[in-house]
Amino acid sequence: MHDIYNLVTGPLAWLAWAIFIVGSVYRLAIMYILAKKKDAASMAYMSWGFSLRSIINWLIPFNALGWRRNPVMTVATFAFHICLVLAPIFLLAHVVLWDQFFGVEYPVFRENVTDIMSMIVVAGALVFAGRRLFQKEVRYVTTCQDWLILVIAVLPFLTGILAYHQIFNYQTMVILHILTGEIMLAAIPFTRLSHMLFAVFTRAYMGSEFGGVRRVKDW
Amino acid sequence: MGIQDRLIEDVGLREGVKRLTEDKIEKVVQGVLKGETGARLAAYNEICMRCGLCSEACHFYLSHDGDPSYSPVGKVQQTMAQLIKKKGRVSPDDIYGMAQIAYTECNLCRRCVHFCPVGIDTGYIMSTVRRICHKLGVTPQYIQDTAHSHSATFNQMWVKDDEWPDSLQWQEDEAREEFPGLRIPLDKEGADIYYSVIAPEPKFRTQLIYQAAAIFNAAGVDWTMPSEPGWDNSDMCMFTGDFEMMGRLKRRHFESAQKLKVKRIVMGECGHAFRSIYDMGNRWVAWKMYPVPVIHSIEFFWELMKQGKIKLAKKYPGPVTVHDPCNVVRGRGHHEKLRELVRFLIDGEIIETASNREHNICCTAGGGVINCGPPFKNVRLAGSKAKADELRATGVKTIVAPCHNCHGGLEDTVKRYELGMHIKFLGDIIYECMEKPS
């Protein structure tokens, strides 16, 4: 057990972070080069102001038409993403690890807060899964990869909750939690989770087109 | 559920796919994907989360009882997603279905943009599918005929070189009875405005040229029209995916205006021609800015109104509703000017449809869909049920729609759903209400 623990917190952790960081930089760089080469007619219209205008407006819940027409999805999406990003960063146990390995210290959320946030992530994933199963327009276009990334995204949180509440075998859960977290990190640049990297640019581009060329809102 | 369950017989599509082999398809698809598309398509393909939020944006989906194969992402799933996944290795029959989806079940209206959190442009994806189909030679017969007309005559309707000035002179002649001294000045160098129309105007809506001439005459506008090819601002080649020809059309249009050294081009009440200038054609010929400033009739009439150049003898009886054409509203933000102008012209209120301004539901004719002709008319009309419901709810008798395609589509919709409404161009109303010599 200790060996496995050392493996997942040592070499595998380095590997996962390396794949995540190097992979992300690589993919962003390749995409940028491709855009410069092939999408000049689109790049020419990119604008900082309209990009930010669009991004900000889409970050306000119920502001965009798409959000207003789908309240359940809006609540689920915002809650899911906010918790998914913030809970791991400000979780006490994670900050302790940062301190232990690198001497980095920063404020944390209270443990019951991150516990609830993790549960919100799982609940959000259940909403997404429910839509994939029962909403016909979503089911029609769902592919294996959509299920895969949903599972990849939810497992670290599910195992984290089980470990925190010491349900099943604690050590096994912690190891699974770390492992699934690493899988998620490594998967970001190379699966549909890459929307984390690219969505800001597609949104910015659409905002630029609608603001600068079409002179209307894109939300 | 899916395109293969609802294939419609069209001679253009049928003859086109007969000539295909999987090898040829693969080569052409790869050629377009590698040669013409880049990061935009790659990113869209990768980050579409398949959340389905775009479904509700699409009038085809709304009107077909929520059939998921009509949703924007559903259409992408059946076309571009397959082409990318299979690297272009699909069968001729698959191409038939893809062409039918891309040409006849998507108006490229881009309402789905307002529903997609990650900012995916389905209109662009569908245009790229059309581009592939064009290069494969699989296009609906009717729209291909108009594209051929563009290639042969530089106008959409096979209007011959002598027929064009002849039509203008005929309208001038007719109008001089009502407005003595009225001219349709041809090839006048240095005029303030160059008026360009789409070829269906001289072909079968010639009264619109008459009306425009009457309005410009009454407002004292210094205007001209060209006597030679270049006068047609329409662009069906943009919709078939014949981008080479699209570029030639735009260049010819602007060169014709440059030759006359005019200050501005005013485009008639048409939407798609405007798109071909601000969005597609100009980029194809690598112009970020247009060589001659271009404005749409909505803007020009609005200017005339603001400057007090249009004098009304009466106001048009309201209330009315306004239909926002996607290419000049979602495409150019003219919704408020349009409303200001309508308020100026009518006696009564504007009753808005539930979806309005940049969120307006499409007329279901645009994007070349109506130009694909009779074989696809029933599907198109079934697709406009959502629009018909919104129109009926306004309870008005008049729809103001400053776009030819919207007119064609809405006329069919009004008839099919028995809405009992009239559709008016801005020019119709201005002409009817303006002061005329007694």
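Here, every reference points to the structure presented above.
Keep in mind that what you see is a predicted model, and the values were worked out from it rather than measured. Every chain is numbered independently, its residues counted from 1 as its sequence is written. Ligands are numbered from 1 and chains lettered from A, in the order in which they are written. Local features are withheld for residues below a pLDDT of 70 in this predicted model, meaning they are given only at 70 or higher, and side-chain atom pairs are given and counted only at 80 or more; totals for whole chains, interfaces and linings count all residues. Values shown for side chains rest on all heavy atoms present in the structure; no hydrogens or waters enter the calculation.

Turning our eyes to something else, we now look at the overall build of chain A. The helix count covers DSSP runs of H or I at least four residues long, the strand count covers runs of E at least two residues long, and both are numbered beginning at the N terminus. Counting secondary structure elements, chain A contains 12 helices and zero strands. With respect to the principal axes defined by its C-alpha atoms, chain A has extents near 60 × 40 × 35 Å. Two residues form a contact once any of their heavy atoms are found within 4.5 Å. Of the contacts formed within chain A by residues at least 6 apart in sequence, a portion of 64% connects residues at least 24 apart. Each accessible area is a Shrake-Rupley result for a 1.4 Å probe, and residues are judged covered by the shown protein chains and nothing else. For chain A, the accessible area works out to roughly 11700 Å², and carbon and sulfur atoms hold 74% of it. Under the convention used here, Asp and Glu are negative, Lys and Arg are positive, and both His and the chain ends fall outside the count. Taken as the charge location is NZ of Lys, CZ of Arg, CG of Asp or CD of Glu. Each charge class in chain A was averaged separately, 17 positive and 11 negative side chains, and the resulting centres sit 19 Å apart.

Further remarks concern the interface of chain B and chain A. In this complex, chain B contributes 58 residues to the contact, which on the side of chain A involves 48 residues. Once two parts are brought into contact, the accessible area they lose, counted with a 1.4 Å probe and summed over both, makes up the buried area. Taken over both partners, the interface formed by chain B and chain A buries close to 4500 Å², and the fraction arising from carbon and sulfur atoms is 56%. We define a salt bridge as a side-chain nitrogen of Lys or Arg found within 4 Å of a carboxyl oxygen belonging to Asp or Glu. Remark: the boundary between chain B and chain A carries four salt bridges. For K217 of chain A, the salt bridge identified is with E358 of chain B, shortest N-O distance 3.9 Å.

All names here are of chain B. A rise of 1.5 Å per residue sets the reference length of helix α14 (residues 243–259), with its 17 residues, at 24 Å; its end C-alpha atoms lie 24 Å apart and thus fit the reference within 8%. In this scheme, a residue with accessible area under 20% of its type's maximum is buried, one over 50% is exposed, and one in between is partly exposed, where area comes from a 1.4 Å probe on protein chains only. For α14, every residue scored as buried is listed here: F243, M245, M246, G247, L249, K250, H253, F254, S256 and A257. Within two residues after α14, K261 carries a phi angle of roughly 50°, on the positive side. How far a helix is expected to stretch is found by multiplying one less than its residue total by 1.5 Å.

A separate point is the packing of aromatic side chains. When the centres of two rings from Phe, Tyr and Trp lie within 6.5 Å, Trp using its six-membered ring, the rings pair. Their planes under 30 degrees apart give stacked, over 60 give edge-to-face, and anything left gives tilted. Scanning the entire structure with this criterion turns up 22 aromatic pairs over all chains. Considering the side-chain rings of W17 of chain A and W98 of chain A, the 6.1 Å spacing of their centres and the 70° angle between planes classify their relative orientation as edge-to-face. Here W17 of chain A is found in helix α2 (residues 11–38), whereas its partner W98 of chain A is found in helix α7 (residues 92–102), with 81 residues between them in sequence. Taken together, the aromatic side chains of W14, W17, F20, W98, F101 and F102 of chain A make up a single cluster linked through ring pairs. A ring is scored as having a charge over it whenever the NZ atom of a lysine or the CZ atom of an arginine sits within 6 Å of its centre and within 35 degrees of its normal. Lying over the aromatic face of F344 of chain B, K315 of chain B brings its terminal NZ or CZ to 5.7 Å of the ring centre. Between the NZ or CZ atom of K436 of chain B and the centre of the ring of Y431 of chain B, over which it lies, the distance is 4.5 Å.

Right, let's talk about the environment of T394 of chain B for a bit. Inspection of the secondary structure assignment puts T394 of chain B in helix α19 (residues 385–394). Excluding its chain neighbours within four sequence positions, the residues that come into contact with T394 of chain B are T321, I351, E352, T353 and M421 of chain B.

Moving on to the packing of helix α6 (residues 71–90) of chain A against helix α8 (residues 111–134) of chain A. Residues and elements named next belong to chain A. Packing of α6 against α8 leaves a shortest axis separation of 8 Å and a crossing angle of 140°. As judged from the angle between their axes, α6 and α8 are oblique. Note on packing geometry: the crossing formed by α6 with α8 is left-handed. From α6, V72, M73, A76, T77, A79, F80, I82, C83, L84, L86, A87 and F90 reach across to α8, where they touch T114, M117, I120, V121, G124, A125, V127, F128 and R131. Classifying every residue of the contact of α6 with α8 by side-chain character gives 17 nonpolar, three polar and one charged. Fitting a line to C-alpha atoms yields each axis, with helices limited to the stretch in contact; the angle taken between N-to-C directions then spans 0 to 180 degrees. Oblique is the label for any angle not under 35 degrees, not over 145, and not in the 65 to 115 range, which are roughly parallel, roughly antiparallel and roughly perpendicular in turn. The hand of a helix crossing depends on one turn: near helix anticlockwise from the far one by less than a right angle means left-handed, and clockwise means right-handed. Under the scheme applied here, ten amino acids are nonpolar (Ala, Val, Leu, Ile, Met, Phe, Trp, Tyr, Cys and Pro), four are charged (Asp, Glu, Lys and Arg), and all others, including Gly, are polar.

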